[in-house]
Amino acid sequence: MPRPEVLEDIKSAESDADDIVAEAEEDREQRLSEARKRADEIRSDAEEEARELKEQRLEEAREDIEAERDRILEEGEAEREELESLADENEEDAVAYAVEQFEEAVHAQT
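As the structure is a computational prediction, the values presented were derived from the model and not from experiment.

Draft legend 1. Spatial organisation of the overall build of the protein chain. Along its length, the protein chain carries one helix and zero strands. For the protein chain, whose C-alpha radius of gyration is 46 Å, the value lies well above the compact-globule estimate of 13 Å for 110 residues. Relative to its full complement of 110 residues, the protein chain shows a buried share of 0%. Carbon and sulfur atoms make up 52% of the accessible area of the protein chain, which totals about 10200 Å².

Put into structure tokens, the structure is as follows:
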């Protein structure tokens, strides 16, 4: 093979190699771009899922707190009613005791 043809073949091979390298670089950049985009999508999905889970847990906690609050209020109401009932029962005894003490004091003065 004459020298000019060899040089031409070498130049052609180098050009082909440059094209292959450029194509590989372009493919690499495209894959990296796609991977970054996918990673962003995954991160975004995970953040949304975390927000939803947080909201769900907060709502559950609010419901638990509300239920506990209602239970405490009901217990307080029952206790108040019991104390009122006891006070009503003791009212007659207290009035009778006060009248008795008053009468004793009046009799003691006469």
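Draft legend 2. Representation of helix α1 (residues 3–109) within the structure. If you check α1, its first and last C-alpha atoms are 151 Å apart, about what 107 residues at 1.5 Å a residue would give, namely 159 Å. Along α1, the sharpest change in direction is near 30° and occurs at N90.

Draft legend 3. A look at the pattern of salt bridges. Within the structure shown, the criterion is met by 13 salt bridges. For R51, the salt bridge identified is with E48, shortest N-O distance 2.9 Å. A residue pair is termed a helical-turn pair when its members lie 3 or 4 positions apart in one helix, as R51 and E48 do in helix α1 at three residues. A relative accessible area of 44% places R51 in the partly exposed class. Put simply, R69 and D70 hold a salt bridge, and the shortest N to O gap is 3.2 Å.

Draft legend 4. Seen up close, a nonpolar patch on the surface. Taken together, the side chains of V6, L7 and I10 present a nonpolar region at the surface, about 240 Å² in accessible area. Tracing the backbone through its elements, the reader meets I10 in helix α1.

Draft legend 5. Highlighting the environment of D40. Looking at the element boundaries, D40 is found in helix α1. Since its relative accessible area comes to 43%, D40 is described here as partly exposed. Of the polar contacts made by the side chain of D40, one reaches the side chain of R43; its length is 2.4 Å.

Rules of the game
Residues numbered from 1 in each chain as written. Predicted model: local features only at pLDDT ≥ 70, side-chain atom pairs only at ≥ 80, totals over all residues. Heavy atoms only, no water. Helix = DSSP H or I, 4+ residues; strand = E, 2+ residues; numbered from the N terminus. Rg over C-alpha atoms; globule rule 2.2 N^0.38 Å. Buried < 20%, exposed > 50% of the residue type's maximum accessible area, 1.4 Å probe, protein only. Areas by Shrake-Rupley, 256 points an atom, 1.4 Å probe, with all protein chains shown as cover. Expected span 1.5 Å × (residues − 1). Bend = angle between axes of the 7 residues up to and from the residue. Salt bridge = Lys/Arg side-chain N within 4 Å of Asp/Glu carboxyl O. Patch = residues over 30% accessible without salt bridge, like charges linked within 9 Å, V, L, I, M, F, W, Y side chains within 5 Å. Polar contact = N/O pair within 3.5 Å; in protein donor to acceptor, adjacent residues only side chain to side chain.

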